[in-house]
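# What the coordinates show
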Amino acid sequence: SLGAFPALLPDLGRAAALADWQLGAVAGAFGFARMVADIPVGLFVTHHLRRAFVLPPAFLVAGALIIATGSLPLIVLGRALMGVGHTLGMMAGLTAILRFRAGGRLASGLNAFEFSAMIGMLAGVGLVAALPGGLAWNATLLVACAPLLLSLAVLPALLATLPRETAGPLFARGTPPGSDATPAAGGGRVLAALAFAAGGSVALAYSTVEQFLIPLRGSREFGLERGGIARLLSVAQIVDLVALLPVGRLADRRGTRTVMAAVLLAFAGALALVAFGSLPLVTGGCVLFGLGMAGWMLPLGLLRSVTPAARVAWRTALYRVCVDGGIFLGPFLSGLLAARAPGLLPGVVTAVLAGLAVALLVRGGRRG
């Protein structure tokens, strides 16, 4: 459901006669809703992990149906509902992995989770490219969202893998001592701060590239139709899919910080090429973008190494606020700055990503 939307953004804008700032608001509503929902969802998931897996399909289906009405306020509302549903699903999945699979293969587990999500996103983009170009954007979106109904069939098997939860408050920051399957971790404020900064910066770069630069530059500057934009997005997603599992294994073997520094540099290069390059360079930027996306989960692995198991859901929720803040601000600020300073945001974020990569390498060198 999420992979289809960026390729449809230009068609949506033309059909509803939206200005750039309105397009930015539509694209950013998803990340804004996720950012607002992160803390309460994190507090809820602490004691109600099983319930958190049941709710996402309802939010996502309702959001898609509302978006399909085509009215700007309802499109924004629908995107917000989908954002809440996505937050519930992501927080539940991440909390389960971080709480019960922490250890020497954590990066591989996180990247396997991301791998499954990328298969779905690639399928969404592929459906948009395969469906007839004359089909209305909202009908195309509903077709791409139809597989959400299949998630209901998977729920019983998923819930059977989770331990039964004892009664607890509706919202809480931590679980009782000894209730988790993994030991508590130590301190590390600097590493935690770097993980938060890296996650937010990567999200800002990701949403700027996928939800604004590729759709709008492709349509306006390079004359690409819906299928051409979908193919550019597919390049990044295919590279991501191929690289995800190897990057996870590499991080487990060589250390998360070193691999994460390389990922940040890949994101910096991708953002620069997509924002300022010609069409062939944009295609190369999509390849780097896919390599960077393969390390999307690495900051969480770094954060888990300095987080007690009982507070995983709470710390993950705080981290997701940074990530979803970046996902909201990317297209929103791009829309605001498009007329006066279109290169300002990509230039600043590129420099920040490169600086964080250097900081991680320096920190790793001092400890190594």
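Residues numbered from 1 in each chain as written. Predicted model: local features only at pLDDT ≥ 70, side-chain atom pairs only at ≥ 80, totals over all residues. Heavy atoms only, no water.

For the rest of this paragraph, the subject is the pattern of salt bridges. A side chain with one charge can pair with a side chain of the opposite charge if their charged atoms come near. If you walk through the whole model with that rule in mind, you get 5 salt bridges. Notably, a salt bridge pairs R220 with D20, separated by 2.6 Å at the nearest N-O pair. Residue R220 is found in helix α9 (residues 189–220), and its partner D20 is found in helix α2 (residues 20–45); the two are separated by 200 residues along the sequence. One salt bridge in this structure joins D324 and R320, with 3.5 Å as the shortest N-O distance. Linking D324 with R320, this pair stays in helix α14 (residues 312–337), spanning 4 residues, or about one helical turn. Sharing partners across several salt bridges, the network here consists of R34, R320 and D324. (Salt bridge = Lys/Arg side-chain N within 4 Å of Asp/Glu carboxyl O. Helix = DSSP H or I, 4+ residues; strand = E, 2+ residues; numbered from the N terminus.)

Below, the discussion takes up helix α10 (residues 226–254). Note that an α-helix has 3.6 residues per turn; residues three or four places apart therefore point the same way. Here α10 spans 40 Å end to end across 29 residues, near enough to the 42 Å set by a 1.5 Å rise per residue. The largest bend along α10 measures about 40° and falls at A243, with the proline P246 one to four residues further on. (Expected span 1.5 Å × (residues − 1). Bend = angle between axes of the 7 residues up to and from the residue.)

Empty space among the atoms becomes visible once a probe the size of a water molecule is rolled across them. Applying the stated criterion across every chain, the model contains 3 cavities of 30 Å³ or more. Roughly 60 Å³ of internal volume is contained in the largest cavity. What lines the largest cavity is G199, V202, A203, W296, M297, P299, L300, Y319, R320 and V323. Counted by class, the lining of the largest cavity contains 8 nonpolar, 1 polar and 1 charged residues. Here the second largest cavity defines a volume of roughly 40 Å³. Put simply, the parts of the chain that give the lining of the second largest cavity at least two residues each are α1 (4–16) and α10. (1 Å grid on protein atoms, 1.4 Å probe; cavity = no way out; pocket = protein on both sides within 12 Å on 5 of 7 lines; lining within 4 Å. Points joined across faces, edges and corners; volume = space filled by probe spheres on them. Nonpolar A, V, L, I, M, F, W, Y, C, P; charged D, E, K, R; others polar.)

Now for the packing of α1 against α10. In the contact formed by α1 and α10, the axes pass within 9 Å of each other and the chain directions differ by 150°. With respect to α10, the element α1 is oriented roughly antiparallel. The handedness of the crossing between α1 and α10 comes out as right-handed. Across the interface between the two elements, P6, A7, L8, P10 and D11 of α1 pack against R226, I229, A230 and L233 of α10. (Axes fitted to C-alpha atoms, helices over the stretch in contact; angles between N-to-C directions. Parallel < 35°, antiparallel > 145°, perpendicular 65-115°, else oblique. Left-handed = near helix turned anticlockwise from the far one by under 90°. Contact = heavy atoms within 4.5 Å.)

Below, the discussion takes up a nonpolar patch on the surface. On the surface, L344, V348 and V352 cluster together into a nonpolar patch covering about 230 Å² of accessible area. On the secondary structure map, L344 appears in helix α15 (residues 344–367). What makes L344 partly exposed here is its relative accessible area of 46%. (Patch = residues over 30% accessible without salt bridge, like charges linked within 9 Å, V, L, I, M, F, W, Y side chains within 5 Å. Areas by Shrake-Rupley, 256 points an atom, 1.4 Å probe, with all protein chains shown as cover. Buried < 20%, exposed > 50% of the residue type's maximum accessible area, 1.4 Å probe, protein only.)

Here H86 is to be found in helix α5 (residues 72–100). The residues touching H86, leaving out its near neighbours within four places in the chain, are L2, F30, R34 and L60.

We now examine unusual backbone geometry. Even without being a glycine, A17 presents a positive backbone phi close to 55°. We classify A17 as exposed; its relative accessible area is 64%.

For the coordinates displayed, the defined rule picks out 6 aromatic pairs. Ring geometry for F328 versus F332: centroids 5.1 Å apart, planes at 20°, classification stacked. Placement of the pair is F328 and F332 together in helix α14, with a separation of 4 residues, close to one helical turn. The class of F328 is buried, set by a relative accessible area of 14%. (Phe/Tyr/Trp six-rings, centres within 6.5 Å; stacked < 30°, edge-to-face > 60°.)

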